[in-house]
Amino acid sequence: MLRNSEPERIAALHQLGILNTNTSEYFDAVTRLVAEMFGMSGAYISLIDSDRQWIKSTVGFCPPPSANQRDQTFCDHTIRQGRVLMIEDTLLDPRFANNPLVTGPTGVRFYAGAPLVTPEGYAIGALCVIDTKPRALSEADRDRMTGMAALVMSHIMLGRAVGHVDSVSGMPNKYQMADDLDALGKRHAGQQRVLVAIDMPDSARAFEIVRVLGVAVYDQLIRAVGDRLKLLFENRAHLYHLTDARFAILSNDEDTQGFIDYLQGLEAQLQAPLLNLNIPLNLPSFGGIVAFELCPTAAKDAPRKAAAAVNQALIKQQRWSVYNNAEDERQQRAFRLLNDVQAGIEADQFQLVYQPKHDLANGACLSAEALLRWNHDELGPISPAEFIPLVEKTALIGPLTHWVIRTAIKQVSEWHADGHRVKVAINLSAYNFEEPDIVQRLSDVCREFNVDPRYVEIECTEGIWMEGSGILKTLHDIRALGMSLALDDFGTGYSNFAYLQKVPATVVKVDQSLIRNVHANPRDQRIVRSLISLARELDYQVVAEGVETEQSLGLIREWGCHIAQGYHFAKPLAAPAFLQHVVLYSGSNAAVGA
Ligand code: C2E
Ligand code: MG
Ligand code: MG
């Protein structure tokens, strides 16, 4: 039965993905064969798009591009008719007598075309023969044409199936899903659907199964997972096998809430053990759910959102996670920032600012903490509190820190050249201490800019990472260069004192969260006071960071803190402003500030 909805016919043609593809030996062999079989001067396979004819293969027939306009073609009549169309003499047929293909150089006088009909009944094109003299095909020959057209069609379907079916499970794959979403987006724009991405099992478990039971058993298991999903979602959804152990479920109708409720009620069915080679296996499953509106971009957006949601489910180790826009935007921004770090370094988007540190004995400012700033070309200023935690989880912290080290030490050399013996503290991340050449690099940069390493302090936060192999040696080597070592954010984290004793730190920086409200909070007062006294007893120099008020300053000074840093003195400053600050708080002026 031929179907004649034109939009659906076009969608069916586009879904086949054959338009604008390369030449194919198979189709060329068919056109050659058909031309020879019937002794014709030409044969071709045409596909009829919304307003044009596209020729997949041709022999002996080369229509000018203008003749491919849909209303100029013979084949458009063939597909409308839905069975073989034969024009014994084009000059005698009023539909074609004035057609340029007939009157022009191609001189077509005979045409016979058999429609290419999809299994669903859409005529998407035709297999045709032409000749330059009038003639006729017997009924038997016309049947042969129909038979050849069916062969062409099944080859098109097969070619599509090869790229659209998963080779392990035999289920439709992600390309089929994209095509289906595309077609739905056109046919049912505005309707709601639910797309679910489900990992069953997750990749860690999958790896374990492959390792213990082998690939063949694993593949069998994946097929069993597919079968289970098919049973659970029969008549409710389309299923796809996306990759390895990830499947997708696309709901059939508009009742999105009903579908989500159904999913969330599937606890026991998903949990039930799968029998594989008589070994019952309980597979964990993690699913990401997105409800979305069908639209032209849904094929791109919905799978990405479902993937983002399943990542959330994996991170939280929960069975279902519903797509969360804010979370997704956060992740996308994080990804973008990481992606842009390298280019940002090259484009000079990073800058160091210097926050003064004051000696509480005399108020003088002779040192600073170098703090990184990023002025992203499109996103604007980005706080290190946002990008450092991202970057330090990747190897990108290597080149970024290297830039910081060079910039800070070069700055110190300039200050020294101007006669200001200022010391600078540089923040390093845990990863930096694992870089095999970190000590060498620190030493090389000091030598390059002729800076005595005693004017450099390295800040790092204490943590379990310090117990990593080789870290202690690196810390000792940094100290051996002559640099001092400060434990940043002290009092908030790990604080394994037994271990800290082995760390060759010279300074502790009491964390700002403890200092900021110390004037008002008796509990913080007790903690800070004991931290300062403990640190002093262990011979550390004590720095308080986040000093914002006169009262806090008074307290920490009374408890014996050596150095203070905070908004009470100054925010982090650009290099020239910092130098002015140093001049203001040096020597006789110093006591005024502190
Ligand atoms: P941090 O090393 O503990 O630096 C101190 C942070 O506290 C700085 O924030 C500073 O601006 C802020 N601060 C100082 N005094 C006050 C105060 O009185 N009140 C308040 N509310 N804040 C104060 P910033 O510059 O945003 O840096 C945040 C964190 O980013 C730093 O904490 C450090 O962990 C990291 N970071 C900054 N620059 C670098 C860098 O070059 N390398 C590495 N690895 N990390 C860096
Ligand atoms: Mg710091
Ligand atoms: Mg800190």
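Caption draft 1: The overall build of the chain, seen in detail. Across its full length, the chain carries 22 helices and 21 strands. Computed over the C-alpha atoms, the radius of gyration of the chain is 37 Å, more than 25% above the 25 Å expected from 2.2 N^0.38 for a compact globule of 594 residues. When its C-alpha atoms are laid out on the principal axes, the chain stretches across 115 × 60 × 40 Å. The buried share of the chain, reckoned over its 594 residues, is 50%. By sequence separation, contacts in the chain at least 24 residues apart represent 67% of the contacts at least 6 residues apart. Element-wise, carbon and sulfur atoms account for 52% of the exposed surface of the chain, whose accessible area totals about 27,800 Å². Of the charged side chains in the chain, 55 are positive and 70 negative, and the gap between their average positions amounts to 1 Å.

Caption draft 2: How the structure looks around helix α9 (residues 256–264). Buried within α9 we find Thr256, Phe259, Ile260 and Leu263. Projection of α9 onto a plane perpendicular to its axis shows the buried side chains occupying an angular sector of 100 degrees, all on one side. Lining the buried residues of α9 we find β6 (192–199), α8 (215–233), β7 (237–243), β8 (246–251), β11 (286–293) and β12 (320–322).

Caption draft 3: Region of the structure containing a negative patch on the surface. A cluster of like negative charges, contributed by Asp253, Glu254, Asp255 and Asp261, occupies part of the molecular surface. Within the fold, Asp255 resides in the loop between β8 and α9. Its relative accessible area of 46% is what places Asp255 among the partly exposed residues.

Caption draft 4: Structural detail: the coordination of the magnesium ion (ligand 3). Protein coordination at the magnesium ion (ligand 3): the donors are Asp488 (OD), Asp489 (OD) and Glu545 (OE), at 1.9 to 2.4 Å from the metal. Along the chain, the residues that donate to the magnesium ion (ligand 3) are spaced as D-D-x55-E. In this structure the magnesium ion (ligand 2) is found 4.2 Å away from the magnesium ion (ligand 3), and Asp488 serves as a bridging donor for the pair. Here Asp488, found in strand β18 (residues 484–490), pairs with Glu545, found in strand β20 (residues 541–545); they are 57 residues apart in sequence, far enough to count as distant. The same class applies to Asp488 as to Glu545, namely buried.

Caption draft 5: Structural context of the site of ligand 1. Close to ligand 1 lie 23 residues, the nearest being Glu369, Asp488, Gln512, Glu548 and Tyr567. For ligand 1, the accessible surface in isolation is 800 Å², of which the surrounding protein chains cover 85%. Broken down by secondary-structure element, the contributors of at least two residues to the shell around ligand 1 are β14 (365–376), α13 (384–391) and β18. By residue number, the principal contributor to the shell around ligand 1 is β14, which donates four residues. Here the shell around ligand 1 is built from residues that sort into nine nonpolar, six polar and eight charged.

Caption draft 6: Region of the structure containing the sheet that holds β8. Within the open sheet, the five strands sit side by side as β7-β8-β6-β11-β12. Their pairing is mixed. Edge positions in the sheet fall to β7 and β12, since each has one partner strand and no second. The mean inter-strand angle of the sheet, taken between neighbouring strand axes irrespective of direction, is 20 degrees. One ladder, built from eight bridges, connects β6 with β11; its direction is antiparallel. Across the sheet, the residue bridging to Asp199 is Phe286, located in β11. Against the sheet, helix α6 (residues 174–187) contacts β6, β7, β8 and β11, and its axis sits at roughly 140 degrees relative to β7. Relative to the sheet, α9 contacts β6, β7, β8, β11 and β12, its axis offset from that of β6 by approximately 20 degrees.

Caption draft 7: Structural view of the environment of Lys571. Tracing the chain through its elements places Lys571 in the loop between β21 (563–565) and α21 (575–584). Spatially, the C-alpha atoms of Lys571 and Leu538 are 30 Å apart, while their sequence positions differ by 33 residues. If near-sequence neighbours (up to four positions away) are discounted, Lys571 is found in contact with Tyr354, Gln355 and Pro356.

Caption draft 8: Geometry of the coordination of the magnesium ion (ligand 2). Summarising the metal site, the magnesium ion (ligand 2) is bound by the protein donors Glu369 (OE), Asn427 (OD1), Glu459 (OE) and Asp488 (OD), whose distances to it range over 2.1 to 2.3 Å. Spacing between the donor residues of the magnesium ion (ligand 2) along their common chain follows E-x57-N-x31-E-x28-D.

Caption draft 9: Expanded view of the pattern of salt bridges. Scanning the model with the defined rule gives 36 salt bridges in all. Measuring nitrogen to oxygen at the nearest pair gives 3.3 Å for the salt bridge that ties Arg32 to Glu25. Linking Asp89 and Arg109 is a salt bridge whose minimum nitrogen-to-oxygen distance equals 2.8 Å. Of this pair, Asp89 sits in the loop between β3 (85–87) and α4 (100–103) while Arg109 sits in the loop between α4 and β4 (110–117); the two residues are 20 residues apart in sequence, bridging distant segments of the chain.

Caption draft 10: Here's a closer look at the confidence of the model for the chain. On average, residues of the chain score 93 in pLDDT, and 98% of them reach the 70 mark or higher. With pLDDT under 50 throughout, residues 588–594 is counted as low confidence; its partners more than four residues away or in other chains account for 14 contacts.

Caption draft 11: Looking closely at the side chain of Ser46. Summarising the element assignment, Ser46 is placed in strand β1 (residues 42–48). The class for Ser46 is buried, based on a relative accessible area of 0%. With residues up to four places along the chain from it excluded, the contact list for Ser46 reads Gln53, Trp54, Ile55, Cys75, Leu116, Gly125 and Ala126.

Caption draft 12: Up close: the packing of helix α7 (residues 203–213) against α8. Their axes nearest at 7 Å, the elements α7 and α8 cross at an angle of 135 degrees. Overall, the two elements α7 and α8 adopt an arrangement that is oblique. From α7, Ala206, Ile209, Val210 and Leu213 reach across to α8, where they touch Val215, Val217, Tyr218 and Leu221. For the contact of α7 with α8, the residue count by class is eight nonpolar, no polar and no charged.

Caption draft 13: Focus on the sheet that holds β1. Ordered by their spatial adjacency, five strands build an open sheet running β2-β1-β5-β4-β3, and the pairing between neighbours is antiparallel. Taken across any chain shown, the strands that pair with only one partner, and hence form the sheet edges, are β2 (53–59) and β3. Mean inter-strand twist for the sheet, computed between neighbouring axes without regard to direction, equals 20 degrees. When β1 meets β2, the two strands line up antiparallel, connected through six bridges. The residue of β2 that forms the bridge with Leu47 is Trp54.

Each value, and the rule that gives it
Residues numbered from 1 in each chain as written. Chains lettered and ligands numbered in written order. Predicted model: local features only at pLDDT ≥ 70, side-chain atom pairs only at ≥ 80, totals over all residues. Heavy atoms only, no water. Helix = DSSP H or I, 4+ residues; strand = E, 2+ residues; numbered from the N terminus. Rg over C-alpha atoms; globule rule 2.2 N^0.38 Å. Buried < 20%, exposed > 50% of the residue type's maximum accessible area, 1.4 Å probe, protein only. Contact = heavy atoms within 4.5 Å. Areas by Shrake-Rupley, 256 points an atom, 1.4 Å probe, with all protein chains shown as cover. Lys, Arg positive; Asp, Glu negative; His and termini not counted. Charge placed at Lys NZ, Arg CZ, Asp CG, Glu CD. Arc of directions from axis to C-beta. Patch = residues over 30% accessible without salt bridge, like charges linked within 9 Å, V, L, I, M, F, W, Y side chains within 5 Å. Salt bridge = Lys/Arg side-chain N within 4 Å of Asp/Glu carboxyl O. Donors = N, O, S within 2.8 Å, 3.2 Å for Na, K, Ca; no water. Near = heavy atom within 4 Å. Nonpolar A, V, L, I, M, F, W, Y, C, P; charged D, E, K, R; others polar. Pairing = 2+ DSSP bridges. Axes fitted to C-alpha atoms, helices over the stretch in contact; angles between N-to-C directions. pLDDT = per-residue confidence, 0-100. Parallel < 35°, antiparallel > 145°, perpendicular 65-115°, else oblique.

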